[in-house]
Amino acid sequence: MAEVTRVPLQPIGKGILGKLWLGVIVAILLAAGAAWATSYEGVTVDTLSAGEGPSPAEEDIVLVNYEGRLADGTVFDSGERVPFPVNGVVPGFTEALVKMQKGGRYEVFIPSQLGYGAQTRGTIPPNSDLYFTVELIDFRTQAQLEEMQRQMQQMGGMPGMPGGMPGMPGSPEGAPAE
């Protein structure tokens, strides 16, 4: 049978245990700081009810129901069945729209730097984060909309609507603008 070699343990010196705990605390703080520094601060899109099919491209025109709120819950804008170009709004809203699908309903968070930044815009104070509830009803390409307008003109147009259809791009009324 083999013999076991015994090695005596050295006693822990004064203050070593405190230094050990201090090192553990510093490591935890550094890890938490690194996690906070690398946390995502961009647009978030949470699905309330899923849509289906493809997502709109930046060049498309969308038809949406939406409500925009500030962090304190104040509603600053809303609209139903509002058409507008995906790339004709603040960058954060464009980024959110291209992640949505037709028929879906979404909660969107836009940090201030991807919204209006340091600008005051109506009732929106500078450096405000924006919160939206958006329902993507439909979307079309610019070419599809132009074809639809050509067909309407060939059928005699719509009486009482000179200069385009209300709510369509190029018409007097619009949607959330840059």
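Calculation criteria
- Residues numbered from 1 in each chain as written.
- Predicted model: local features only at pLDDT ≥ 70, side-chain atom pairs only at ≥ 80, totals over all residues.
- Heavy atoms only, no water.
- Patch = residues over 30% accessible without salt bridge, like charges linked within 9 Å, V, L, I, M, F, W, Y side chains within 5 Å.
- Areas by Shrake-Rupley, 256 points an atom, 1.4 Å probe, with all protein chains shown as cover.
- Salt bridge = Lys/Arg side-chain N within 4 Å of Asp/Glu carboxyl O.
- Helix = DSSP H or I, 4+ residues; strand = E, 2+ residues; numbered from the N terminus.
- Pairing = 2+ DSSP bridges.
- Axes fitted to C-alpha atoms, helices over the stretch in contact; angles between N-to-C directions.
- Contact = heavy atoms within 4.5 Å.
- Phe/Tyr/Trp six-rings, centres within 6.5 Å; stacked < 30°, edge-to-face > 60°.
- Buried < 20%, exposed > 50% of the residue type's maximum accessible area, 1.4 Å probe, protein only.
- pLDDT = per-residue confidence, 0-100.
- Core = buried A, V, L, I, M, F, W, Y, C linked by side-chain atoms within 4.5 Å.

Chemist: In this structure, what is going on with a nonpolar patch on the surface? I would like to understand it.
Modeler: Nonpolar side chains collect at one region of the surface, where Leu-17, Leu-20, Trp-21, Val-24 and Ile-28 lie side by side and expose about 530 Å² of accessible area between them. With respect to the secondary-structure elements, Trp-21 resides in helix α1 (residues 16-37).

Chemist: Whenever I open this one, the sheet that holds strand β2 (residues 61-69) confuses me. Can you help?
Modeler: Strand pairing in a sheet takes place through backbone hydrogen bonds and is either antiparallel or parallel in direction. The five strands lie next to each other as β1-β4-β5-β2-β3, forming an open sheet whose pairing is antiparallel. The open sheet has two free edges, formed respectively by β1 (44-49) and β3 (75-85), since each of these has just one partner strand. Along the sheet, successive strands turn relative to each other by an average axial angle of 20°, direction set aside. Sheet contacts for helix α3 (residues 142-154): β2 and β5 (130-140); angle to β5, the most-contacted strand, approximately 55°.

Chemist: Even after reading the chapter, I still don't get the packing of aromatic side chains, so can you show me in this structure?
Modeler: For any pair of aromatic rings, the description consists of the separation of the ring centres together with the inter-plane angle of the planes. Summed over all chains, the structure comprises four aromatic pairs. Judged by centre distance (5.9 Å) and plane angle (40°), the ring pair of Phe-84 and Phe-93 falls under tilted. Taking the relative accessible area as the measure of exposure, Phe-93 reaches 2% and is therefore buried. Taken together, the aromatic side chains of Phe-76, Phe-84, Phe-93 and Phe-132 make up a single cluster linked through ring pairs.

Chemist: How should I be thinking about the confidence of the model for the chain in this particular structure?
Modeler: Detailed conclusions should not be drawn from predicted coordinates in areas where pLDDT is low. Summing up the model confidence of the chain, the mean pLDDT is 84 and the portion of residues at 70 or higher is 85%. Ranking the helices and strands of the chain by mean pLDDT puts strand β4 (residues 105-110) first, with 96, and α1 last, with 86. Across residues 161-175, confidence stays below pLDDT 50; counting only partners more than four residues off in sequence or on other chains, it has 20 contacts.

Chemist: I'm lost on the nonpolar core in this one. Help?
Modeler: In a soluble, globular protein the nonpolar side chains are often hidden away together inside. Counting residues in each nonpolar core, the largest one holds 25 residues, and the members touching the most others are Phe-93, Val-108 and Phe-132. Those elements that place two or more of their residues in this core are β2, β3, α2 (91-97), β4 and β5. Non-local contacts of Val-108, meaning those with residues more than four positions away in its chain, are made with Val-43, Thr-44, Val-45, Ala-96, Met-100, Leu-130, Tyr-131, Phe-132 and Val-134.

Chemist: Hey, could you run me through the pattern of salt bridges in this one?
Modeler: Pairs can form between side chains of opposite charge whenever their charged atoms are close. For the structure shown, the criterion picks out six salt bridges. The closest approach of N and O atoms between Glu-95 and Lys-99, which form a salt bridge, is 3.8 Å. By relative accessible area, which is 43% here, Lys-99 ends up partly exposed. Of the charged contacts in the structure, one is a salt bridge between Arg-150 and Glu-147, with a shortest N-O distance of 3.0 Å. Placement of both Arg-150 and Glu-147 in helix α3 is noted, with a separation of three residues, approximately one turn of the helix. Owing to a relative accessible area of 35%, Glu-147 belongs among the partly exposed residues under this scheme. Members of the salt-bridge network, linked through shared partners, are Glu-67, Arg-69 and Glu-107.

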